[in-house]
Amino acid sequence: MHEAVARAAVPGGAPEQLDVVIVGAGLSGIGAAAHLQARFPERRYAILEARDAIGGTWDLFRYPGIRSDSDMYTLGYEFKPWRAAKAIADGPSIRAYVREAAAERGIDRQIRFGQRLVRADWSSAEQRWLLEIERVGTGERTQVACRFLWMCSGYYSYAQGHRPEFPGEAGFGGRIVHPQFWPESLDHAGRRVVVIGSGATAMTLVPAMARTAAHVTMLQRSPTYVVSRPGVDAVAERLKRLLPPMLAYRLVRAKNVLLQQLFFRLARRWPDAIGRRLVALAGQQLPPGHDLRHFTPAYRPWDQRLCLVPDGDLFRSIREGKASVVTDRIERFTATGIRLASGQELPADIVVTATGLTLNVLGDVAVSVDGRPCDLSRSLVYKGMMFSGVPNLASTFGYTNASWTLKADLTARYVGRLLAHLDRHGYTSATPQRDSSVAEQPFIDFSSGYVQRAAARLPKQGDRKPWRLYQNYLLDLLTLRFSRIDDGVLRFEHRPGASPAPGRLPAAARGG
């Protein structure tokens, strides 16, 4: 695993020269590498991964029931069919899928484990990035130079989740755990569990823990729209039996993309009617007389992400009396549980704080251009992946209203087109140039708490293309796959004092 680490520098102390450095060996990073080496097999690249395993989110989170909240025909890569029957897959299955994709293409041999990117400085004179990398565990620093930096490190901190402090915690006699740091030794069988939260993590934990716990209560401050969906896609299974694997996969992927986009557009156009329908569908799966206020949000559908429960497992746990939902605010912890603002007390042996993520930008890497720090919160995002005033840097950020990988695949294809354009014209860099007339808008148009808490730190989107994020896969498919690269917004440059021949990578980027 650590064989690649020794290659971080070349003899004489000069930094190693690479064409592309990808940061993160999760779903996005492995996909980026697959696209890159398929289109540019001669490019020298490496993947920096701070942890010691492939998988990113799907290796980090180990709480009971961990699973996707999107179907695997759209969360899976466009180049690798999902073959399992479960369309809503568990975490270990997704982790195995990502690792398999890496092994099949030899990508795993390009990963440098235990290496965290801490600083990246662009040199206009050299037309390259100089990366400062920390070896996890030892703190040793090395440097690597690259022509293009591709951030696939996700959107939240791996080091800390969002964990509010509650009055009286110190006197609680049970155990408090956060899903992001789940202890392997935790045994919840026969215990009374309270899960604080109403997002995807809470919706996953409750039915999973309810199988063996004495009882699980989901304590929410406000309700969320919950949608039940079959865990197995019957159409997909039928097509798998009739058609070649890739053809079947593409057809199911197209079907699911169209259904996702249709539902999103309907919800935006008729939010009240769609909201009432979602609540009614939830009511059909709950016990007679159940208070539907626990499943009736104050916001419109898709103002926050909908929670998907495969085969209605959450509703089943409630029907069977193994789980319940309480909507209230926490007054304080007591020795035996949680006292609510209403005066009710929830007894608990274990409290799970499924209270959200801590968002960050580019994995908290310190980015600078010619030694000047870049405040990315003041930048505009170009085509959902590059930053105004920052050359040769792309960041993969998926959809909020659909599967993450749909946008990741489109981003990878666009980066490939951009790199080919640079080579074809003998350029060494591309920088999005901000137009002062473009009005700023929030980067993520969501009312979710984890988004609002980080709003001031996030970059902005603009009010028009190519600075606008449309959250529309079909529109992005057209613009990112087929629109002109030289659109008047990107500024292209040669390395000062050099004019490379078209079609050839500059020597500095090739490694000399």
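Residues numbered from 1 in each chain as written. Predicted model: local features only at pLDDT ≥ 70, side-chain atom pairs only at ≥ 80, totals over all residues. Heavy atoms only, no water.

Caption draft 1: Up close: the overall build of the protein chain. If you tally the helices and strands in the protein chain, you get 13 helices and 27 strands. Against the 2.2 N^0.38 benchmark of 24 Å for 512 residues, the protein chain shows a C-alpha radius of gyration of 24 Å, consistent with a compact globule. Taking the principal axes of the C-alpha coordinates as reference, the protein chain spans close to 75 × 50 × 50 Å. Expressed as a percentage of its 512 residues, the buried residues of the protein chain come to 55%. The contacts in the protein chain between residues at least 6 apart in sequence include a share of 72% that link residues at least 24 apart. Accessible area of the protein chain: about 21,900 Å², with a carbon and sulfur share of 52%. (Helix = DSSP H or I, 4+ residues; strand = E, 2+ residues; numbered from the N terminus. Rg over C-alpha atoms; globule rule 2.2 N^0.38 Å. Buried < 20%, exposed > 50% of the residue type's maximum accessible area, 1.4 Å probe, protein only. Contact = heavy atoms within 4.5 Å. Areas by Shrake-Rupley, 256 points an atom, 1.4 Å probe, with all protein chains shown as cover.)

Caption draft 2: Structural context of empty space enclosed by the protein. Enumeration according to the criterion identifies three cavities of 30 Å³ or more in this entry. Along the wall of the largest cavity there are 21 residues; nearest its centre are Val 361, Phe 387, Ser 395, Phe 397 and Phe 443. (1 Å grid on protein atoms, 1.4 Å probe; cavity = no way out; pocket = protein on both sides within 12 Å on 5 of 7 lines; lining within 4 Å. Points joined across faces, edges and corners; volume = space filled by probe spheres on them.)

Caption draft 3: Here's a closer look at the nonpolar core. Ranked by internal contacts, the top residues of the largest apolar core, which has 132 residues, are Ile 22, Ile 30, Trp 129, Leu 149 and Trp 150. If you tally residues by element for this core, the top one is helix H10 (residues 404–425), at eleven residues. When near neighbours in sequence (up to four residues on either side) are disregarded, Ile 30 contacts Ala 25, Ile 47, Ile 54, Tyr 77, Val 98, Ala 101, Ala 102, Ile 107 and Ile 111. (Core = buried A, V, L, I, M, F, W, Y, C linked by side-chain atoms within 4.5 Å.)

Caption draft 4: How the structure looks around the packing of helix H7 (residues 245–269) against helix H8 (residues 271–284). Interaxial distance between H7 and H8 falls to 5 Å at its minimum, and their mutual angle equals 115°. Of H8, the residues touching H7 (which contributes Phe 263, Leu 266, Ala 267, Arg 268 and Arg 269) are Pro 271, Ile 274 and Leu 278. Class assignment for the residues of the contact of H7 with H8 results in six nonpolar, no polar and two charged. (Axes fitted to C-alpha atoms, helices over the stretch in contact; angles between N-to-C directions. Nonpolar A, V, L, I, M, F, W, Y, C, P; charged D, E, K, R; others polar.)

Caption draft 5: Fine view of unusual backbone geometry. With omega at 5°, the peptide bond leading from Lys 465 into Pro 466 counts as cis. Located in the positive-phi region is Asp 311, a residue other than glycine, with phi close to 55°. Relative to the helices and strands, Asp 311 is located in the loop between strand S12 (307–310) and helix H9 (313–319). Its identity as a non-glycine residue notwithstanding, Asn 392 has a phi of 50°, on the positive side. Residue position: Asn 392 is located in the loop between strand S22 (386–387) and strand S23 (393–395). Since its relative accessible area comes to 0%, Asn 392 is described here as buried.

Caption draft 6: Seen up close, the pairing of strand S15 (residues 337–340). Here strand S14 (residues 330–333) runs beside S15; their pairing, made up of three bridges, is antiparallel. Residue pairing in the sheet places Arg 332 in a bridge with Arg 339 of S15. The turn linking S14 back onto S15 is made up of three residues. The pairing of S15 with strand S16 (residues 345–347) spans three bridges and is classified as antiparallel. Within S16, the position partnered with Gly 337 by the bridge is Pro 347. (Pairing = 2+ DSSP bridges.)

Caption draft 7: The arrangement of the sheet that holds S15 in detail. The strand order across the open sheet built from three strands is S14-S15-S16, with neighbouring strands paired in antiparallel fashion. Bordering the open sheet on either side are S14 and S16, each of which pairs with just one other strand. Across this sheet, the average inter-strand angle for adjacent strands is 25°, counted without regard to direction.

Caption draft 8: Here's a closer look at the pattern of salt bridges. Inspection of the entire model under this criterion finds 35 salt bridges. Note that Arg 305 is salt-bridged to Asp 69, the shortest N-O span being 3.0 Å. Of the two residues, Arg 305 sits in the loop between H8 and S12 while Asp 69 sits in the loop between helix H2 (57–60) and helix H3 (72–75), which places them 236 residues apart along the sequence. Residue Glu 134 is joined to Arg 116 by a salt bridge in which the shortest nitrogen-to-oxygen separation is 3.4 Å. With Glu 134 in strand S5 (residues 128–135) and Arg 116 in strand S4 (residues 115–123), this pair connects stretches of sequence that are 18 residues apart. Look at the salt bridges and you will find they share partners, linking Arg 51, Asp 59, Arg 62, Arg 95 and Arg 99 into a network. (Salt bridge = Lys/Arg side-chain N within 4 Å of Asp/Glu carboxyl O.)

Caption draft 9: Representation of the packing of H7 against H10 in the model. Remark: H7 packs on H10, axes separated minimally by 12 Å, with the N-to-C direction vectors making an angle of 110°. As summarised for this structure, H7 and H10 are arranged roughly perpendicular, according to the angle between their axes. Crossing geometry of H7 relative to H10 is assigned as left-handed. Across from Arg 253, Val 257 and Gln 260 in H7, the residues of H10 making contact are Thr 405, Leu 406 and Asp 409. (Parallel < 35°, antiparallel > 145°, perpendicular 65-115°, else oblique. Left-handed = near helix turned anticlockwise from the far one by under 90°.)

Caption draft 10: Spatial organisation of the confidence of the model for the protein chain. On average, the protein chain scores 92 in pLDDT, and the residues at 70 or more come to 93%. Contacts for the low-pLDDT stretch residues 1–9, under 50 throughout, to residues beyond four places or in other chains number 18 contacts. (pLDDT = per-residue confidence, 0-100.)

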